[in-house]
Protein chains: 2
Amino acid sequence: MNDLSPKLIDMEVLERVAPVIRVAAHPLRLRILDYLAVSNEPKIVSDITECCGAAPSFVSQQLRILKDQGILRCQRRGTNVYYTIADRSLLHLLACIRHSQGGEQAVGATIHRGEE
Amino acid sequence: MNDLSPKLIDMEVLERVAPVIRVAAHPLRLRILDYLAVSNEPKIVSDITECCGAAPSFVSQQLRILKDQGILRCQRRGTNVYYTIADRSLLHLLACIRHSQGGEQAVGATIHRGEE
DNA sequence: TCACAATATCGCAATGTTGTGATATACTGA
DNA sequence: TCAGTATATCACAACATTGCGATATTGTGA
């Protein structure tokens, strides 16, 4: 009943954060992030595709979504395209998931907006 | 190229976690969670509705989604229904968002599956 | 019992997401 | 230049989500 609005997170902030969270809300995209995080180096699309066990075109689409959100960055070298994590926001989330694989799970991330 | 699959988070786990993250990927639902977290006590639907500035029917639907995922719990008392946080998984996420309102933002959560 | 307030559900149109297969583009080496 | 490999885009059907207004349900107090 009493007004808590000064304590609440700005609706504007929530609206900015929600799409980033949405990007993480898909098993395949989480897998891509996890793979790139564990690899700790740029990876080419065919490797990412293989580790996902999904159709290349679908993986490519998901890579684009992640890139458009600024989570990934890519660089072409010859016929290959290397993807790497550009925004480490969601890594905390992955770490939490990993640490709780049996029983309770965790999700944690730090969403950077703008520069690193 | 080399096989990192033993280090990767199980696809099964990612598939279980993704829907919970998805539930958080909406500004209104984040607002509801934030409001209940800050209030730190059960709140009735009309209060939640007011703090959301959305149509009652829509808020009610979102409350159901959160309840169905086990994030919220509710209890009717007379003509009112009190909602409260049942699963503190996503609170870490809210805390991270709050701490980074200006500049970089953060998302963090611990997803409990099953009992508290 | 009835009017009323609080909440929930329904029905629906608009929009977005998922996943596939076909096709296009970019680059390399022969 | 051409065939071939790697990646991206397109078109599309199936399905899910968003958000609203109308209607239903639940419980209270008169």
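What you see is a predicted model; the values in this text were computed from it and never measured.

Rules of the game
Residues numbered from 1 in each chain as written. Chains lettered and ligands numbered in written order. Predicted model: local features only at pLDDT ≥ 70, side-chain atom pairs only at ≥ 80, totals over all residues. Heavy atoms only, no water. Near = heavy atom within 4 Å. Polar contact = N/O pair within 3.5 Å; in protein donor to acceptor, adjacent residues only side chain to side chain. Helix = DSSP H or I, 4+ residues; strand = E, 2+ residues; numbered from the N terminus. Nonpolar A, V, L, I, M, F, W, Y, C, P; charged D, E, K, R; others polar. Salt bridge = Lys/Arg side-chain N within 4 Å of Asp/Glu carboxyl O. Buried < 20%, exposed > 50% of the residue type's maximum accessible area, 1.4 Å probe, protein only. Disulfide = S-S within 2.5 Å. Pairing = 2+ DSSP bridges.

Visitor: So what's going on with the protein's contact with DNA strand D? Residues and values would help.
Guide: Around DNA strand D sit 21 residues, and of these A:Ser46, A:Gln61, A:Tyr83, B:His26 and B:Gln61 come closest. Near-protein atoms of DNA strand D (within 4 Å) split between backbone and bases, with sugar and phosphate holding 72%. Side-chain polar atom of A:Thr79 to a sugar or linking oxygen of DNA strand D: 3.1 Å apart, as the coordinates give it. At the level of secondary structure, the elements contributing two or more residues to the surface near DNA strand D comprise α3 (45-52), α4 (56-68) and β3 (80-85) of chain A together with α4 (56-68) of chain B. Examining the composition of the surface near DNA strand D, we find that 4 residues originate from one element, α4(A), more than from any other. Split into classes, the residues belonging to the surface near DNA strand D amount to 5 nonpolar, 11 polar and 5 charged.

Visitor: Got a sec to walk through the pattern of salt bridges? Specific residues and values, please.
Guide: Residue and element names in this part refer to chain B. Taken as a whole and assessed by the stated rule, the structure comprises 6 salt bridges over all chains. Of the charged contacts in the structure, one is a salt bridge between Arg 64 and Asp 68, with a shortest N-O distance of 2.8 Å. Note that Arg 64 and Asp 68 are positioned in helix α4 at a spacing of 4 residues, about one turn of the helix. By relative accessible area, Arg 64 is classed as exposed at 52%.

Visitor: Which residues make up unusual backbone geometry, and what values do they have?
Guide: Non-glycine residue A:Asn40 carries a positive phi angle of around 60°. With respect to the helices, strands and loops of the structure, A:Asn40 is situated in the loop between α2 (27-39) and β1 (43-44).

Visitor: Any details on the state of the cysteines? Residues and values, ideally.
Guide: Residue and element names in this part refer to chain A. The tally for this structure, following the rule as stated, stands at 0 disulfides over all chains. Distance from the sulfur of Cys 52, which forms no disulfide, to the nearest cysteine sulfur (Cys 51) is 4.2 Å. On the accessibility criterion, Cys 52 (10% relative accessible area) is buried.

Visitor: Which residues make up the pairing of strand β3 (residues 80-85) of chain B, and what are the values?
Guide: All names here are of chain B. Taking every second residue as pointing to the same face, the buried face of β3 carries Val 81, Tyr 83 and Ile 85, while none of Asn 80, Tyr 82 and Thr 84 on the other face is buried. Of the strand pairs in this sheet, strand β1 (residues 43-44) and β3 are connected by 2 bridges, and their pairing is antiparallel. Bridged to Lys 43 within β3 is Tyr 83. Pairing analysis gives 6 bridges linking strand β2 (residues 72-77) to β3, with the strands arranged antiparallel. Bridging from a neighbouring strand, Cys 74 pairs with Tyr 83 of β3. Linking two consecutive strands that pair antiparallel, namely β2 and β3, is a turn of 2 residues; a positive phi of about 65° is found at Gly 78 within it.

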